[in-house]
Amino acid sequence: MKKKGISKKPKPKIIPRPSHNVSRDEISRSALKVLYRLHKSGYRAFLVGGGVRDALLGLHPKDFDIATDAHPDEVRALFANCRLIGRRFRLAHIRFGREIIEVATFRAAADKAAKIPDVLHDEEGRILRDNVYGKIDEDVWRRDFTCNALYYDISDFSIWDYVSGVEDIRKRKLVMIGNPDRRLREDPVRMLRAVRFAAKLDFEIDETIAISIAKNHQLLSNVPPARLFDEFLKMFQAGNSEKTFSLLRKFDLFKMLFPETDKRIKEDDQFLKFIHAALQNTDDRIDKGQSVTPMFLLGVFLWGPVEKRAERLQVKENMSVIQALTVASYEISGLQQAHISIPRRFTMPMREMLAMQPRFEKRRGKRALRLLDHRRFRAAYDFMMLRARCSEVDTDIADFWTEVQKQTADQRRVSFAVQRQARSGKSRHPHWRRKSRVN
Ligand code: ATP
Ligand code: MG
């Protein structure tokens, strides 16, 4: 019989190397270097999280997280290329060229940590700071899903599984560790993570999580907008954006991130089709190894609300279409910042891209020709082509802009009906020539 007051220590199922398929070939050289150095210095060193999960699924992991009993300062002492980051959750980042290996010290169990002032909660139970260190059998319960809580031990290449994570991976089920209500209150971003992993891994979200999300989705409004921007990038720039978007809508989470967009989607089916086309396009590009920029997708999401606002401004304030789009995209991106903070380096080009859209309709004259040299031409053109695919722009306009890009300067002058300028310039531009001599 179990004695009162003595709790049983949780025991992991240890899966030896011959019984699993995680090979060191799947782990980056940098991650292996960090694991071995920690191990040789007398610390425990485990690969954990996405690296183990994706390797088990045969997905070739790209991102590697390490868990250890070495404290952050001890990790820093071992690696010259190490930086400690994060206040809420202190971590070591070890840099190898463009690759960063993240090393986290085991965290203490939630109940123990709750009694210590270095763990801070807000009124809703959200964890604001979490820097009390512990052992692996405490750390495991702090992780979000069972598939993310597998530890690959570098000392003998076995996998430690406290939570039946291997079984859940086999069943392709996303299961929360602990009580979903409490875990989602602690960190509402876990709702977005659930959707992201379900989309990426093609897992089914466990019923208890689904029920809990339905109750708690409002809590996302307490998450700092800067953190939501980071999560937005992970959700929409990893190659599964269309599926992620559909799941976000299914779980009523999308409206918490982009409320204005959500309203427009509900009013306008065409806008929803446009978003789907853009997301498919993004996923295809990522699949082919082409670059994607967040400003493009943000522009896509905000386009519906911006267009509507611009129509009102044209009527009410008597603005030109370009002026109205410029003002509307400024206002709508301002409203969006309350939910997801978008850095200026993305909002500025995004607003330009949106306001340029009516310019594609003009195909005659110098101003139209100059559009080809605009620094946002490429993005604005791609955006216009997507609109054309959704019948928002005439095909002959789309074809025209596709053709002129392939033309020589002389051919373009014909296409845009622009007169050739006199070559000598001597008599026609006397001021201009004089000025250039002064410089
Ligand atoms: P990927 O890197 O493919 O996005 P990942 O599972 O590695 O997926 P990370 O954000 O890199 O995700 O985090 C590494 C690990 O840290 C996770 O697998 C999980 O165990 C833990 N973790 C990260 N964020 C949270 C969170 N908000 N709540 C609980 N555990 C988390
Ligand atoms: Mg990771």
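Residues numbered from 1 in each chain as written. Chains lettered and ligands numbered in written order. Predicted model: local features only at pLDDT ≥ 70, side-chain atom pairs only at ≥ 80, totals over all residues. Heavy atoms only, no water.

Our next topic: the overall build of the protein chain. Per the secondary structure count, the protein chain includes 22 helices and 12 strands. For the protein chain, with 439 residues in total, the buried portion stands at 48%. In the protein chain, once contacts between residues fewer than 6 apart in sequence are set aside, the share between residues at least 24 apart is 68%. Carbon and sulfur atoms provide 49% of the accessible area of the protein chain, an area that totals close to 23,300 Å². (Helix = DSSP H or I, 4+ residues; strand = E, 2+ residues; numbered from the N terminus. Buried < 20%, exposed > 50% of the residue type's maximum accessible area, 1.4 Å probe, protein only. Contact = heavy atoms within 4.5 Å. Areas by Shrake-Rupley, 256 points an atom, 1.4 Å probe, with all protein chains shown as cover.)

So, about the pattern of salt bridges. Pairing between side chains becomes possible if they bear opposite charge and their charged atoms approach one another. Within this structure, the stated rule accounts for 29 salt bridges. The salt bridge involving D144 is made with R193; its shortest N-O contact spans 2.6 Å. Residue D144 is located in the loop between α5 (136–139) and β9 (150–153), and its partner R193 is located in helix α8 (residues 189–201); the two are separated by 49 residues in the primary sequence. On the basis of relative accessibility, which here comes to 8%, the residue D144 falls in the buried class. On the accessibility criterion, R193 (21% relative accessible area) is partly exposed. Close ionic contact of E267 with R264 constitutes a salt bridge, the shortest N to O distance being 2.4 Å. Separated by 3 residues within a single helix, E267 and R264 lie in helix α13 (residues 259–267), roughly one turn from each other. Residue R264 is classed as buried on the basis of its relative accessible area of 17%. (Salt bridge = Lys/Arg side-chain N within 4 Å of Asp/Glu carboxyl O.)

R53, D63, D187, R190 and R196 are the nearest of the 16 residues found near ligand 1. Between ligand 1 and G50, the relevant distance is 2.9 Å, taken from an oxygen atom to a main-chain nitrogen or oxygen of the residue. The side chain of D65 places a nitrogen or oxygen atom 3.0 Å from an oxygen atom of ligand 1. Compared with its free state, where it exposes 580 Å², ligand 1 has 82% of that area covered by protein. Those elements that provide at least two residues to the shell around ligand 1 are α2 (50–56) and α8. Taken together, the residues of the shell around ligand 1 break down into 1 nonpolar, 3 polar and 12 charged. (Near = heavy atom within 4 Å. Polar contact = N/O pair within 3.5 Å; in protein donor to acceptor, adjacent residues only side chain to side chain. Nonpolar A, V, L, I, M, F, W, Y, C, P; charged D, E, K, R; others polar.)

On to the sheet that holds strand β10 (residues 159–161), then. Across the sheet, which stays open at both edges, the 8 strands sit in the order β1-β10-β9-β2-β3-β6-β5-β4 with mixed pairing between neighbours. The strands lining the two open edges of the sheet, one partner per strand, are β1 (13–15) and β4 (82–85). The sheet shows a mean angle of 30° between the axes of neighbouring strands, taken without regard to direction. Sheet analysis places strand β2 (residues 45–48) next to β9, joined by 3 bridges and oriented antiparallel. Across the sheet, F46 pairs through a bridge with D153, a residue of β9. Across the sheet, helix α1 (residues 29–40) is in contact with β2, β3 (65–68), β5 (91–96) and β6 (99–105); its angle to β6 comes to roughly 35°. (Pairing = 2+ DSSP bridges. Axes fitted to C-alpha atoms, helices over the stretch in contact; angles between N-to-C directions.)

This next bit is on the packing of helix α14 (residues 269–287) against helix α15 (residues 294–316). Working note: a packed helix pair is described by the angle between its axes plus the distance between those axes. At a minimum axis distance of 10 Å, the contact between α14 and α15 shows a crossing angle of 175°. The angle between the axes of α14 and α15 places the two elements in the roughly antiparallel class. Here α14 contributes F271, F274, I275, A278, L279 and T282 to the contact with α15, which in turn contributes L297, V300, F301, W303, G304 and P305. (Parallel < 35°, antiparallel > 145°, perpendicular 65-115°, else oblique.)

What follows is about a positive patch on the surface. Taken together, the side chains of K362, K366, R367 and R370 present a region of like positive charge at the surface. Mapping R367 onto the fold places it in helix α18 (residues 366–370). Judged by its relative accessible area of 48%, R367 falls in the partly exposed class. (Patch = residues over 30% accessible without salt bridge, like charges linked within 9 Å, V, L, I, M, F, W, Y side chains within 5 Å. Lys, Arg positive; Asp, Glu negative; His and termini not counted. Charge placed at Lys NZ, Arg CZ, Asp CG, Glu CD.)

Residue position: R183 is located in helix α7 (residues 180–186). Once you skip the residues sitting within four places of it in the chain, R183 turns out to touch W141, R142, R143, D144, M176, I177, G178 and R190.

Let's shift gears to the packing of helix α19 (residues 377–389) against helix α20 (residues 395–404). Direction vectors running N to C along α19 and α20 enclose 150°, while the axes themselves pass 10 Å from each other. Comparing their axes, α20 and α19 come out roughly antiparallel. Crossing of α19 against α20: the hand is left-handed. Between α19 and α20, the contacting residues are F377, Y381, M384, M385 and A388 on the first element and A398, W401 and T402 on the second. Of the residues assigned to the contact of α19 with α20, the class counts are 7 nonpolar, 1 polar and no charged. (Left-handed = near helix turned anticlockwise from the far one by under 90°.)

What follows is about α19. The first and last C-alpha atoms of α19 sit 18 Å apart over 13 residues, in line with the 18 Å expected at 1.5 Å per residue. All buried positions along α19 are accounted for by F377, A379, A380, Y381, F383, M384, L386, R387 and A388. With its phi angle positive at about 60°, S391 sits one or two positions after the end of α19. (Expected span 1.5 Å × (residues − 1).)

Each aromatic ring pair is characterised by the separation of its centres together with the angle its planes make. A full pass over the atoms with the stated rule returns 28 aromatic pairs. Relative to F232, the ring of F229 lies with its centre 6.1 Å away and its plane at 25°, an arrangement referred to as stacked. Here the residue F229 and the residue F232 both occupy positions in helix α10 (residues 225–236), the gap between them amounting to 3 residues, near one helical turn. The residues F229 and F232 share a single accessibility class, namely buried. Look at F274 and F383: their rings are 5.5 Å apart centre to centre, the planes differ by 75°, and that puts the pair in the edge-to-face class. In this pair, F274 sits in helix α14 while F383 sits in helix α19, placing the two residues 109 residues apart along the sequence. Among the aromatic residues, ring-to-ring pairing joins F229, F232, F236, F245, F254, F258, F301 and F346 into one connected group. One cation-aromatic arrangement involves R24 over F157; the distance from NZ or CZ to the ring centre is 3.9 Å. The positively charged end of R196 is found above the aromatic ring belonging to F197, 4.8 Å away from the centroid. (Phe/Tyr/Trp six-rings, centres within 6.5 Å; stacked < 30°, edge-to-face > 60°. Lys NZ or Arg CZ within 6 Å of the ring centre and 35° of its normal.)

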